[in-house]
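Here's the letter readout for the chains.
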Amino acid sequence: VKQFPEAIFLRLSRDPIDTALSLLRCRAGKEFWFSVRPAECRDLSSCSIHYQVAAQVYWIRKRLKQAPACRTLDISYEDVCSNPRAFLEKLTEFCEERNIFLRVRSLLPVSFDYQSRVEDQSADILEIRKCIDELVSQYGPI
């Protein structure tokens, strides 16, 4: 926030377990982290990959809560998937209110496929859920 005093923030919310599961799939068979790696995750190389992705999601969400409300647009992942055009209209309006003018340059699909896996009882989801619960117990809610 300090590094970008004029920035606006788009806080895209998605169920943390779905997010962690997505990161887990992106990292499958790879040695590197996918997406942003928070400073709190630097020393997690000895932890399980499930804990690593759970911590990554946890700390990113914690950080995003610190963004100034007046410069933050909150939107749900499900809303973006179900109606990307409405999302872009909302984003454009939010930006225009702050004298930032956007122009949509390409056509969008009517919707994107989206399925939540939170209710599944797969080993990956159960382990991610356990890791997120540990983080919340140790560091507080996200």
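Here is a short report on the structure shown in this document. (Residues numbered from 1 in each chain as written. Predicted model: local features only at pLDDT ≥ 70, side-chain atom pairs only at ≥ 80, totals over all residues. Heavy atoms only, no water.)

Considerations on helix α4 (residues 84-96)
Helical periodicity: at 3.6 residues per turn, an α-helix aligns residues three or four positions apart in one direction. The following threshold applies: Elements are defined by DSSP. Helices are runs of H or I of four residues or more, strands are runs of E of two residues or more, and each kind is numbered from the N terminus. Under the convention used throughout, the expected extent of a helix is 1.5 Å for every residue step, that is, one less than its residue count. Burial here depends on accessible area, computed with a 1.4 Å probe over protein chains only, as a share of the maximum for the residue type. Under 20% is buried, over 50% is exposed, and the range in between is partly exposed. The arc in question is formed by the directions pointing from the helix axis toward the C-beta atoms. Contacts between residues were defined by any pair of non-hydrogen atoms, one from each residue, lying within 4.5 Å.
An ideal rise of 1.5 Å per residue puts 18 Å on 13 residues; α4 measures up with 18 Å between its terminal C-alpha atoms. Among the residues making up α4, those that are buried are Pro 84, Phe 87, Leu 91, Thr 92, Phe 94 and Cys 95. Buried residues of α4, seen end-on, are gathered within an arc of 160 degrees and therefore sit on one face of the element. Contacts from the buried residues of α4 go to β1 (9-13), β2 (72-76) and α3 (77-82).

A closer look at the side chain of Arg 14
So the rule is basically this: Note that His is not counted, nor are the chain ends; the positive residues are Lys and Arg, and the negative ones are Asp and Glu. By convention in these notes, a salt bridge is any Lys or Arg side-chain nitrogen within 4 Å of a carboxyl oxygen on Asp or Glu.
By the secondary structure assignment, Arg 14 is in the loop between β1 and α1 (16-27). Buried within the structure, Arg 14 lacks any salt-bridge partner; Asp 18 is the closest side chain of opposite charge, at an N-O distance of 4.9 Å.

What about the side chain of Arg 11?
Counted only if it meets this: Two N or O atoms form a polar contact when they lie within 3.5 Å of each other; inside protein one atom must be a possible hydrogen donor and the other a possible acceptor, and for residues adjacent in sequence the pair counts only when both atoms belong to side chains.
By the secondary structure assignment, Arg 11 is in strand β1. Here Asp 74 takes part through its side chain, which lies 2.5 Å from a polar atom of the side chain of Arg 11. Aside from chain neighbours lying at most four places away, what touches Arg 11 is Leu 64, Lys 65, Ala 67, Thr 72, Leu 73, Asp 74 and Ile 75.

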